[in-house]
Amino acid sequence: GDLVTLTLVLVTMVALSPRLSIVTMIAVPPLVGFVLLARIFLRSAYRKIRTWVARLNAYVAESVSGVALIQVFAREHLSKAEFSEINIIHRDANYDSIRWDSTLWAVVEALGTVTVAGILWLAAPKIVDGTETFGVLVAFVEYVKKFFIPIRDLSAKFTIMQSAMASAERIFDLLDDDDVVPDGAAEIEATSAGVGLQFDDVHFSYRQG
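All values derive from a computational prediction rather than experimental measurement. (Residues numbered from 1 in each chain as written. Predicted model: local features only at pLDDT ≥ 70, side-chain atom pairs only at ≥ 80, totals over all residues. Heavy atoms only, no water.)

Draft legend 1. Up close: the packing of helix α3 (residues 28–65) against helix α6 (residues 134–175). Where α3 contacts α6, the axes come no closer than 8 Å and their chain directions differ by 35°. By crossing handedness, the relation of α3 to α6 is classed as right-handed. Of the residues in α6, those in contact with Val28, Leu31, Val35, Arg39, Leu42, Arg43, Tyr46, Arg47, Arg50, Thr51 and Ala54 of α3 are Phe147, Ile151, Phe158, Thr159, Gln162, Ser163, Met165, Ala166, Ser167, Glu169 and Arg170. Looking at the contact of α3 with α6, its residues break down into 11 nonpolar, 5 polar and 6 charged. (Axes fitted to C-alpha atoms, helices over the stretch in contact; angles between N-to-C directions. Helix = DSSP H or I, 4+ residues; strand = E, 2+ residues; numbered from the N terminus. Left-handed = near helix turned anticlockwise from the far one by under 90°. Contact = heavy atoms within 4.5 Å. Nonpolar A, V, L, I, M, F, W, Y, C, P; charged D, E, K, R; others polar.)

Next comes the structure, spelled out in structure tokens:
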């Protein structure tokens, strides 16, 4: 929907004033460049968030299930300190994502404002000498604002997409795990009654490292 709106607004702007439309298009390359830059830092921030969310959940699960042992060894204060450390890193990772998300939004707004200022600066002399009408200028400024609204909305969706992609990477890493059980490592045989297991040449070890 945003792309359709963007296309229709752009066509209308070109129909109103091709010259002023070129001024609007000048803002697009730096915007695209910044979006590509923000993508790198946003993806990195969301990867870090997902990593520390997993560690946070794992630590809470282990602490809750082992709360009796924590109390037996009087490690409550140590457990709290460890949790706080993980939580602080997780919070800081969220700060990074929020910082880049808000910066991306601000850049879109700033470019929109600068574009409107540039159009007014170029169109003012044309209105004075009568080669451009005031009505066209007002209409064009409104269309420029409408041009940057879907871009701003797309930037918000882009941020959500980066978060989703960071989550998907972790899922695909798990699905792509190529750990293989060696042939003959374990053979299980069950009787027709559902009882009786036979293990042959069974080994257990930790992965190297």
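Draft legend 2. Expanded view of the packing of aromatic side chains. Inspection of the entire model under this criterion finds 3 aromatic pairs. Measuring from centroid to centroid gives 6.2 Å for Phe34 and Trp100, while their planes differ by 35°, and the two rings are tilted. Residue Phe34 is located in helix α3, and its partner Trp100 is located in helix α5 (residues 76–128); the two are separated by 66 residues in the primary sequence. On the accessibility criterion, Phe34 (18% relative accessible area) is buried. With a centroid separation of 5.3 Å and an interplanar angle of 85°, the aromatic rings of Phe147 and Phe148 are classed as edge-to-face. Relative accessible area serves as the criterion here: at 4%, Phe147 is assigned to the buried category. (Phe/Tyr/Trp six-rings, centres within 6.5 Å; stacked < 30°, edge-to-face > 60°. Buried < 20%, exposed > 50% of the residue type's maximum accessible area, 1.4 Å probe, protein only.)

Draft legend 3. Region of interest: the packing of α5 against α6. Closest axis-to-axis distance for the α5/α6 pair is 10 Å, and the angle between their directions is 165°. It follows that α5 is roughly antiparallel to α6 by the angle criterion. The hand of the α5/α6 crossing is right-handed. Taken together, the residues of the contact of α5 with α6 sort by class into 18 nonpolar, 4 polar and 3 charged. (Parallel < 35°, antiparallel > 145°, perpendicular 65-115°, else oblique.)

Draft legend 4. Up close: the pattern of salt bridges. Summed over all chains, the structure comprises 6 salt bridges. Salt-bridge contacts for Glu169 lead to Arg43; the nearest nitrogen and oxygen are separated by 3.0 Å. Taken together, the positions of Glu169 in helix α6 and Arg43 in helix α3 put the pair 126 residues apart, joining distant regions of the chain. In this structure Glu169 comes out as partly exposed when scored by relative accessible area, which is 24%. The exposure class of Arg43 is buried, given its relative accessible area of 13%. (Salt bridge = Lys/Arg side-chain N within 4 Å of Asp/Glu carboxyl O.)

Draft legend 5. Representation of the confidence of the model for the protein within the structure. When pLDDT is averaged along the protein, the result is 81, and 91% of the positions lie at 70 or above. Mean pLDDT values for the elements of the protein range from 81 in α6 up to 88 in helix α4 (residues 67–72). Here residues 184–193 is a poorly scored stretch, pLDDT under 50, and it has 20 contacts once near neighbours within four places are set aside; other chains count. (pLDDT = per-residue confidence, 0-100.)

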